[in-house]
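Take a look at the letters that make up each chain.
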Number of protein chains: 2
Amino acid sequence: MSKIALLPPFFTSLRRYIDLSKEEEVELAPYLKQRTYLKGQYICQADDICRYQTFIVSGLARTFYLDTGGVEHVISFGMENWWVGDLCSFASQTPADFNVHCLEKTEVVQISYENLEHLYQLNPKMERFFRLIIQNAYIQSQKRIVRNHSLTARERFVHFSDTYPQLIQRVPQYMIASYLGITKEFLSSIRNQIAKELRN
Amino acid sequence: MSKIALLPPFFTSLRRYIDLSKEEEVELAPYLKQRTYLKGQYICQADDICRYQTFIVSGLARTFYLDTGGVEHVISFGMENWWVGDLCSFASQTPADFNVHCLEKTEVVQISYENLEHLYQLNPKMERFFRLIIQNAYIQSQKRIVRNHSLTARERFVHFSDTYPQLIQRVPQYMIASYLGITKEFLSSIRNQIAKELRN
DNA sequence: GCTAAAAGTTAAGATAGTTTAACTTCCTTT
DNA sequence: AAAGGAAGTTAAACTATCTTAACTTTTAGC
């Protein structure tokens with residue numbers, strides 16, 4: 001049992017960007033796969049080919065890679081209503097650099113490479129939808145580069161806390177440090193410093 | 001006089017991603033604008049609304065922004081066959097954060113916001129084309145975040161030199177330093193160090 | 001060609017962030 | 001309830017990078 005219907009929230013998310021009739025939903029549905037990952041499982045692993053674009057209905061995942069020294073670098077978190085996956089690997093169907101790792105039980109809707117290419121042909125609205133989704137992701141990515149250039153570690157942490165207050169609760173601190181590009185020790189000292197200032 | 005036809009290289013670039021018949025080219029042409037910017041001119045200025053997606057046929061531009069302290073941060077360079085513009089401003093038709101500044105005389109093909117939305121309706125291939133262009137830009141942007149996290153300043157400079165050897169010649173060093181997220185003085189000392197090592 | 005402005009260099013002193021390592025707290029599992 | 005491991009903290013020593021400032025070289029306008 002336990003597999004509830006994940007398609008309604010998925011279609012709700014589509015409808016934020018494109019108009020979709022009930023008939024079109026029915027047409028798309030056969031190309032979509034519902035799945036539940038347990039805490040600790042991987043949606044995508046480095047060196048495998050990323051076979052799916054994955055929409056998170058509930059739960060939480062992080063995308064990270066291992067550098068040549070074996071150190072983990074978190075490059076993003078994905079939660080409700082976000083898409084995750086190694087887009088480079090998916091688009092070219094070549095081995096992934098990134099791992100997508102569930103930090104909680106995570107329910108998803110997935111589209112395989114073949115099905116997505118098929119859907120693009122079937123309904124041009126899908127092309128528009130992903131153009132818009134990826135466009136937003138790209139804009140956010142540029143803004144992150146800007147922040148990395150012009151903010152201090154402390155300012156980046158404050159921005160992160162303000163932007164994703166839920167994540168501060170749900171994600172271990174050392175992963176947030178990695179996402180911000182600093183060590184866990186330094187993040188700890190930043191938090192300590194902020195806490196001290198609040199006391200005064 | 002001087003305005004040569006910029007559309008052929010533009011269509012050649014489109015054809016790398018989508019099939020386009022001669023008739024379709026003719027159909028698109030009225031929505032495209034050719035323009036030449038002189039060295040030093042701005043394709044887009046912060047606080048203005050970015051009205052065009054701009055394809056560079058020849059020349060060179062940089063995208064930069066001014067932080068709250070008035071310091072310039074170069075976020076990208078654009079040369080032949082690249083698209084430039086403040087995508088965030090363009091997509092939402094709100095004031096831009098970025099400036100796009102020509103470092104050389106730059107010949108471009110531009111599409112206005114209204115015309116692009118029209119073209120998306122007119123021919124769904126355009127939606128596909130921009131989905132692919134933006135997808136590549138996003139993948140590159142993610143890779144840049146990865147490099148910023150895991151490489152030293154020196155390694156980032158070496159990667160830049162290897163990837164864009166032409167730009168090393170064409171772009172003032174202080175702009176490259178800014179792009180790499182370091183000071184011009186530090187880049188100077190990195191180059192000095194590399195030159196010394198080569199002599200041994 | 002001359003001159004001023006822009007770009008690049010050098011070096012000393014300052015600092016944000018890292019490293020190491022020892023310690024504490026908090027979860028899990030049994 | 002005890003034990004072991006994962007996560008988080010603290011602090012000292014260290015390093016990559018920045019800041020400042022004086023200097024040199026290159027570029028561009030007259």
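Residues numbered from 1 in each chain as written. Chains lettered and ligands numbered in written order. Predicted model: local features only at pLDDT ≥ 70, side-chain atom pairs only at ≥ 80, totals over all residues. Heavy atoms only, no water.

Engineer: In this structure, what is going on with the relation of the copies chain B and chain A? I would like to understand it.
Structural biologist: What relates the pair of chain copies is a rotation about an axis plus a shift along that axis. It takes a turn of 180° to lay chain B on chain A, together with a shift of 0.0 Å along the axis; the resulting RMSD is 0.0 Å. When the rotation and shift are considered jointly, the pair of chain copies conforms to a two-fold rotation axis. (Least-squares fit on C-alpha atoms with pLDDT ≥ 70 in both.)

Engineer: Can you help me understand unusual backbone geometry in this one?
Structural biologist: Negative phi values dominate among residues other than glycine, just as trans dominates among peptide bonds. The phi dihedral of Asn81(A) falls on the positive side, at around 75°, and the residue is not glycine. The topology assignment puts Asn81(A) in the loop between strand S5 (72-79) and strand S6 (83-84). (Helix = DSSP H or I, 4+ residues; strand = E, 2+ residues; numbered from the N terminus.)

Engineer: Looking at this structure, how should I read the nonpolar core?
Structural biologist: Core analysis: the biggest nonpolar cluster contains 74 residues, and Phe10(A), Ile111(A), Phe130(A), Phe10(B), Ile111(B) and Phe130(B) have the highest contact counts within it. Sequence-distant contacts of Ile111(A), that is, excluding residues within four places in its chain, are made with Phe10(A), Tyr31(A), Leu32(A), Arg51(A), Tyr52(A), Gln53(A), Trp83(A), Phe90(A), Leu116(A), Leu119(A), Met126(A) and Phe130(A). (Core = buried A, V, L, I, M, F, W, Y, C linked by side-chain atoms within 4.5 Å. Buried < 20%, exposed > 50% of the residue type's maximum accessible area, 1.4 Å probe, protein only. Contact = heavy atoms within 4.5 Å.)

Engineer: Quick question: what am I supposed to make of the sheet that holds strand S2 (residues 42-44) of chain A here?
Structural biologist: The strands that make up a sheet pair up through hydrogen bonds in the backbone, lying either parallel or antiparallel. Residue and element names in this part refer to chain A. Spatial strand order, S2-S7-S4-S5: four strands in an open sheet with antiparallel pairing. Edge strands, defined here as strands with exactly one partner in the open sheet, are S2 and S5. Pairwise comparison of adjacent strand axes, ignoring direction, gives a mean angle of 30° for this sheet. Note: S2 against strand S7 (residues 99-102), two bridges, orientation antiparallel. Residue pairing across strands places Tyr42 opposite His101, the latter belonging to S7. Running over the sheet, helix H8 (residues 173-180) touches strand S4 (60-66) and S5 and is turned about 105° from S5. (Pairing = 2+ DSSP bridges. Axes fitted to C-alpha atoms, helices over the stretch in contact; angles between N-to-C directions.)

Engineer: Hey, could you run me through the pattern of salt bridges in this one?
Structural biologist: A pair can form between side chains of opposite charge whenever their charged atoms are brought close. Residues and elements named next belong to chain B. If you walk through the whole model with that rule in mind, you get 22 salt bridges over all chains. With its nearest N and O atoms 3.1 Å apart, the salt bridge here joins Lys125 to Glu24. Within this pair, whereas Lys125 is found in helix H5 (residues 124-150), its partner Glu24 is found in helix H2 (residues 22-28), the two being separated by 101 residues in sequence. Judged by its relative accessible area of 15%, Glu24 falls in the buried class. Lys184 is the partner of Glu185 in a salt bridge, and the nearest nitrogen-oxygen pair spans 2.8 Å. With relative accessibility at 48%, the residue Lys184 sits in the partly exposed group. (Salt bridge = Lys/Arg side-chain N within 4 Å of Asp/Glu carboxyl O.)

Engineer: Explanation requested: the domain arrangement of chain A in the structure shown.
Structural biologist: Note: interface size is frequently given as the accessible area lost on complex formation between the parts. Residues and elements named next belong to chain A. As assigned here, chain A comprises domain 1 (7-138) and domain 2 (151-200). A separation of 27 Å is found between the C-alpha centroids of domain 1 and domain 2. On the side of domain 2, ten residues touch domain 1, which itself brings 14 residues to the contact. Looking at the side of domain 1 facing domain 2, the largest losses of area belong to Val74, Phe77 and Met79, adding up to 50% of the total buried there. (Domains from an automatic or database assignment. Buried area = accessible area lost by both parts, 1.4 Å probe.)

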